[in-house]
Structure formats: structure tokens, C-alpha cells
Amino acid sequence: MMSKQLRFSNFSLPSRKQAWRWLLPLFLGLLFITTLIWLPIHEKEQETAERQEQLVADSLWVEQTIRFQLQRNEESLSLMAAEVAAGYLRGSRLQDRMENLIRNNHEIHRIIYLDAYGKLLTSTDETMMSLDVLSTPSRETDQRARTTRSALYSQPAADKTGPVMLDYHVPIFVEDQYAGSIIASYLASSILDDMVPWWFAQDNEIALTDINGTVIHKRASGGAGRGIYTHRRALNLAGVSLQLATDSIKGAPKLLPSLLVDAIILLSVGLMWSLIALWRDIARRNAAESALREQVTFRVAMENSLITGLRARDLEGRITYVNPAFCEMVGMPAEEIVGRSPPMPYWAPEAMNEYQRRFAQVVAGNLPPQGFETILRHADGTRIPVLFFESPLVDDTGKQTGWMGSILDISDRKRVEDLNRQQQEKLQASARLATMGEIASTLAHELNQPLAAISSYTTGALNMLDTKHPKNLDLGMLQEALDKTNTQAQRAGQIIRSVHTFVKKREPTRAPITVAELIESVTPLVELQAQKYFVSIEIDVPEDLPPVLADRVLLEQVLLNLTRNAIESMQYVAPAKQILRITAERDQVRTHNVVVSIIDHGHGISPDVAARLYSPFFSTKADGMGMGLSICRTAIEFHGGSLTHEDNPGGGTIFRFSLPAYVPAAHNRWIGSTVRTSQTG
């Protein structure tokens, strides 16, 4: 139970680390995104609040400026009224004081002086001849100021002259007796145009409204307000309540208003991009690591399941890797092999020179184009035939780091090859015995002749020796009879030896032999078959042909099979065409080859038969085994040659086999290239 918990904890721990490794960047990424979204919005709201606060402060300053200016004017008018009540200002002096006050304060449109009965006494406006031009609110305010004995402002209203005015009424009392009023009139437009600074008017639309919000006058020298930053400020005057409404012409701040915010956003975007790229790189790395682990696991499993041995070496020849199959092949664990340098413990002593030579070739980079066969020594001393293949190991930069070798155990193949060779030898011996069986009757007839002659000669000699008169013995005749007997005995012995050599089971051995000697050795047996079918034999072999390196018996079997087939193919042709020709010459194309031709005038070979002519167990004879031509081709290819056939223009078939010539000066090696064999079989 504890082991299961341990395995579970070991398994879950990397998963938790993996989760935290992903959750932390994800949390930071979300934090950056939230900051990225919140920062511009907060900056926008902050700028909006700052602009609004600035507008409120500026509006307050403007309102205070207007109020301060009006208060100054109020003081001047109150002082003027006091001097009038004291009798100091009258006539031209009062007129001059009024005009001087208007001249210094452009916001005042006019100043008039009324007596206690409302009669116009003095005015700065020459067009004003009576009080009828005053607006109704102004007349009402004048009455109220007289009653309350305090200076009051009237409601803004248009008088009969047209413009909207705001009148300031200052009542004059002399010893508590109403003596008249001084009235200063302000144009509503002048209050905004003359009292509001130009810089404020350029950024804001300013309106003077009553308590109900009705616009009395508006100034929009900088353009219409946008209704985003607005403020209303009460302008409370004596006797009247007004409002100063400001509407900024500025729009809402942009979402990215400042270079600092832009830089932060760009930095955040770059950081997010880097984080995303990092995530993608981590994902790719994780995927690559996962794929690499899968590939390594797959490769290890595949290499462990192989029956082919694998061995890697570095550039100095040290072994860096072996798979289990190779360890099993040499009977040694990997720990005893990896890191070793030549000579290796699995090298067989009898092949040490070959190992050293091939190792030098590999280190020099002279790898054989194909595999090579050698032997390895098992730990128990057993010799194992193997087939080696070497190839360079190259890294991802194209630089060679060593060599990789694959080793095949070919013990089973060698056993199969030995078994096939033995079976082939048995088959060839059987074919030779079958051939001897076919010519047995002719052979017996041929042997009967020398045996009968020997019997006759020996009988005559015995008769001559039995004579009672030794002086009458003819020694010359006896010598001739014995010579003839010896000749016939040698002839019979040669036939017996040829048959014995032909059918004897033996190992193939190569030795230099001329084509003339080869044909001469098989001629007696060929003649035996030719006599049976009354076939004539013509032999044309030049004396200057080079010898060939061959097994005499195998080539004799080839010649005997080919000539027998040629003889049998002519048994039903006209006697004049029953001619078997055996020729030899140099190959016209491959001058280092010798070509032997067997030419007959028989029935020929049809195309459908030619397609399977060399196939094993295919025969056109009722009693044939179908192995003759297959054995012939195998024997010729064993010698490095080729066997072909073609139609004879004069009727019949021509079989040709070529053999590489033997050159003694080339260290007893036959030269030449193998002619491509026909693949019809």
C-alpha cells in the first residue's frame, strides 16, 4: 500500500509542478491584460475629472472677477449718489463724473440721474429723453429700491431701445427724504464680453441665464460647447439671482491620451507577445520532448526486439552503444563492451589481421560499398559467422561523429548454403549417373569390342606359346599381338576411368585447363552417344585459346548434357543434317572470355518452351527429370560465366557458354566480367 502511495505521489508531483508552471504565467498574463484595460480607462477618467475640476475652478475665478468688477462699480455709484445727496455733484460736474465712470468701465452702457419725481435730470445717453425707455422690471426695481432704501439690480430685460440690459438702481435720500435715483445700465452682452477673459472664452461657451435657466446672453467665441464638461455658477446680485453657465468646447479625452500610457501599453503588448511566444515555445518544447521521449522509447523497444546486432563507434573506434541482440550474439553484457577500444574481446584470434585491416579502413573512411562477412567469437569460444554493414553517423550539422554498424548472424544461412551445396552435388551426381544409365548399352557395346579383341589376341598368343617347336615361334607376331592387346586394354581402361571420374562424388576443384583438353576428355562419351543415332561430330578448337580456371568434371557434365540434347534433337532429321559441331573461340565483345558453342540441326526450340527452358524439373522428354539445363546453367555461373541459346539459321539450336580466361601472371586469378544470364527460366 505504501509503495502504491509512493508511486502515486511521484506521479502526481510532476503534474502539480506542470500545472503551477502554466497557472503562474496565465495569472501574470491576466494581470497584465487587466492592467492594460484598466490603465487607459483610469487615465481617461482621471483626465476627465481634472478637466472638470479645472473648468469649475476657472468658472469660479470668472464669477469672482465679474462680481469684483460689479462691486467696484457699485462702490463708485454709491459714492456718486452720496456726493449728489451732499450737493457736491451737480450739473456739469455730475455729468463729467458719469462719463468718466463709463469711460473707465466699458461694461456700463449708460448712467442716468432721476429726481424724486422720476424726471430725467442727467444722462450719459443722449438718445434717452424719458424714462419710458426703461423696461418694466427696471421701473419695478426702481420703486422697490426707493421703498427699501437700498441699491438693487433689476431683472435683465430688453428696453424699448432693443438690447437686453441689467439696471442697477441706487436711491438718493437727503435727511430721510427721497431725492432721486442714479441708474447704471449694463448690457448683458457687455457683462460676458468685457468681464470674461479671452483665454477662458476661447475654451468655453459662456452663457448668462436666469434662475430658471433661460439664456439671457451667450458668448461662444471659441465655438459651441460639447456638453461634456459643464458647470453652473450662481451670480447672486442685490435684488436678482443669475447663473453663469459654462460649457467647454473640449471633447472627451482619448483612450490613449499620453505618451507614457502609449509606452506602457506598447511595453505591455510586447510583454504579452513575448509571453505568448514563450508559451508557444514551451508548448513546442514540451511537444518535442514528448515526441522525443516517445521516439526514444520506441527506438529502445525496437532495438531491444531486433535480432540484428547494432554497434556504434566514435571516430577513434571506441564503442559507444550496443543493443541486446549484439550482446547476446557475442555472449557479453553491454557494460563490458561499451567504452572499449580495439582489439575487441569478441575478435577471433585467427581473423585478427582481417579485423585490424578493416578497422583501419573504417577509421580512414574507406567503407566497403556493401557488407562483408567475417566471424566473431562468442564468450564460450564458439565461432559465429556474421555479415557486417557500416555507415557514418552524422549529427544535425552534417558533421560525422562516428560509425554505426549492423551485424547479422548468418549461421543459419551458412548451414542452408552448405545443405544446398550438398544437395546440388547429389543432384549433379544423380544426373551424371542418369546420363551413364542412358548410355549404358552403348558403353557395354563399346567395351565389348576391346574386350573381344583382347580375348582374340591373348588366345592367339597362347596358341603360339603352346607350340612344341620354340624355334618356329614368330616373336614379331607375338609382339604385335601383345601390343594390340595392350592398346585395347588401355582403350577399355580409359572408358572405364572416364565413367568412374564422371560419376564419382567429389568436391568441386578449379584448375587451369584448356578447352581442347576439356573437349578431348569428354569426346569418347560423346562419340558413344553419337554412334547410337548415327550423328557425325565436327570439332573446331583453335590452338591459341587461353586456358580457363575450371572444375573439369563439372564442365564435362555440361558438355555431355548439351551434346546429348543436341544429338537426340537430330534423330529424326535427314542423315545429311545429322552433324554435331563443337566450336570454341574468343568472345568478340568480351575479349577476356572464351566461348564454347554446341551447334545442332535438330527440331529447334519453340518460344513457349524457351520461356521455361532453364526452369528446374521442366522437360520436353517423357522420361526426363528436367534438371539437365538447370544444372548446366548453375555450373557455368559457378565458374563466373553464362549459358545462352539461340536459333541456328540453318535449322536447329546453338547453345553457347562463356568462361573467363585464366591468366597465370595475375596471381592465378581469372579475369573478365560475368555475362548476364538469360532470365527466361
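You'll find the structure just up there.
Residues numbered from 1 in each chain as written. Predicted model: local features only at pLDDT ≥ 70, side-chain atom pairs only at ≥ 80, totals over all residues. Heavy atoms only, no water.

Caption draft 1: Structural view of the pattern of salt bridges. According to the stated counting rule, one finds 13 salt bridges in the structure shown. Between Glu83 and Arg97 there is a salt bridge, with its nearest N and O atoms 2.9 Å apart. Of this pair, Glu83 sits in helix α1 (residues 2-85) while Arg97 sits in helix α2 (residues 92-104), and the two are 14 residues apart along the sequence. Where Glu390 meets Arg313, a salt bridge forms, and the shortest distance between an N and an O atom there is 3.2 Å. Highlighted residues: Glu390 in strand β14 (residues 383-394) and Arg313 in strand β11 (residues 309-314), separated in sequence by 77 residues. By the burial criterion, Glu390 is buried, and Arg313 matches it. (Salt bridge = Lys/Arg side-chain N within 4 Å of Asp/Glu carboxyl O. Helix = DSSP H or I, 4+ residues; strand = E, 2+ residues; numbered from the N terminus. Buried < 20%, exposed > 50% of the residue type's maximum accessible area, 1.4 Å probe, protein only.)

Caption draft 2: Main features of the packing of helix α12 (residues 515-532) against helix α13 (residues 552-569). It is the contact of α12 with α13, at a shortest axis distance of 9 Å, that shows an interaxial angle of 35 degrees. Along this stretch, α12 crosses α13, giving a crossing that reads as right-handed. Between α12 and α13, the residues in contact are Glu517, Leu518, Ile519, Ser521, Val522, Leu525, Val526, Gln529 and Ala530 and Arg552, Leu555, Glu556, Leu559, Leu560, Thr563, Arg564 and Ile567, respectively. Residue classes in the contact of α12 with α13 are distributed as 10 nonpolar, three polar and four charged. (Axes fitted to C-alpha atoms, helices over the stretch in contact; angles between N-to-C directions. Left-handed = near helix turned anticlockwise from the far one by under 90°. Contact = heavy atoms within 4.5 Å. Nonpolar A, V, L, I, M, F, W, Y, C, P; charged D, E, K, R; others polar.)

Caption draft 3: Region of interest: the packing of aromatic side chains. In the structure shown here, the tally under the stated rule is five aromatic pairs. A centroid spacing of 4.4 Å and a plane angle of 40 degrees characterise the contact between Tyr153 and Tyr168, whose relative ring orientation is tilted. Within this pair, whereas Tyr153 is found in strand β3 (residues 152-153), its partner Tyr168 is found in strand β5 (residues 164-174), the two being separated by 15 residues in sequence. There is no split in this pair, since Tyr153 and Tyr168 are both buried. (Phe/Tyr/Trp six-rings, centres within 6.5 Å; stacked < 30°, edge-to-face > 60°.)

Caption draft 4: View of empty space enclosed by the protein. Going through the model one piece at a time under the given rule, you end up with three cavities of 30 Å³ or more. Of the voids in this model, the largest cavity is the one considered here, and its volume is about 150 Å³. Contributing to the lining of the largest cavity are 14 residues, with Arg311, Tyr355, Arg358, Phe372 and Phe388 lying nearest its centre. When residues of the lining of the largest cavity are traced back to their parent elements, those giving at least two are β11, α8 (352-363), β13 (372-377) and β14. Of the residues forming the lining of the largest cavity, the biggest block, five residues, is contributed by α8. (1 Å grid on protein atoms, 1.4 Å probe; cavity = no way out; pocket = protein on both sides within 12 Å on 5 of 7 lines; lining within 4 Å. Points joined across faces, edges and corners; volume = space filled by probe spheres on them.)

Caption draft 5: Looking closely at the layout of surface pockets. Of the voids in this model, the second largest pocket is the one considered here, and its volume is about 220 Å³. Ile307, Thr308, Ala325, Met329 and Asp409 are, among the 11 residues lining the second largest pocket, the residues nearest its centre. Mapped onto the lining of the second largest pocket, the elements with two or more residues apiece are α7 (324-330), β15 (400-409) and α9 (411-438). No other element matches the three residues that α7 contributes to the lining of the second largest pocket. Tallied by class, the residues present in the lining of the second largest pocket amount to six nonpolar, two polar and three charged.

Caption draft 6: Quick look at the pairing of β14. Examined bridge by bridge, β13 and β14 share six bridges and lie antiparallel to one another. Of the residues in β14, the one forming a bridge with Ile375 is Pro385. Bridging between β14 and β15 involves nine bridges; their strand directions are antiparallel. By the bridge assignment, Val394 is partnered in β15 with Gln400. Connecting the antiparallel pair β14 and β15 is a turn made up of five residues, with Gly398 showing a positive phi of about 85 degrees. (Pairing = 2+ DSSP bridges.)

Caption draft 7: A look at the pairing of strand β19 (residues 579-586). In this sheet, β19 lies alongside strand β17 (residues 536-540) in parallel orientation, the contact comprising five bridges. Among the inter-strand pairings, Ser536 is bridged to a residue of β19, identified as Ile579. As defined by bridge partners, β19 adjoins strand β20 (residues 593-599) across six bridges and the pair is classed as antiparallel. From the neighbouring strand, Ala584 faces β20, where its bridge partner is Val596. The hairpin turn running from β19 into β20, its antiparallel successor, is six residues long.

Caption draft 8: Spotlight on the sheet that holds strand β7 (residues 204-210). On the basis of which strands lie adjacent, the open sheet formed by four strands has the order β8-β7-β10-β9 and antiparallel pairing. Strands at the two margins of the open sheet, each flanked by one partner only, are β8 (215-219) and β9 (230-237). Strand-to-strand twist across the sheet, computed as the mean angle between neighbouring axes with direction ignored, equals 20 degrees. Summarising the sheet, β7 and strand β10 (residues 240-248) pair through seven bridges and their orientation is antiparallel. The partner of Ile206 across the bridge, within β10, is Thr246. Here helix α4 (residues 188-195) sits on the sheet and contacts β7, β8 and β10; the angle it forms with β8, its principal contact strand, is near 30 degrees.

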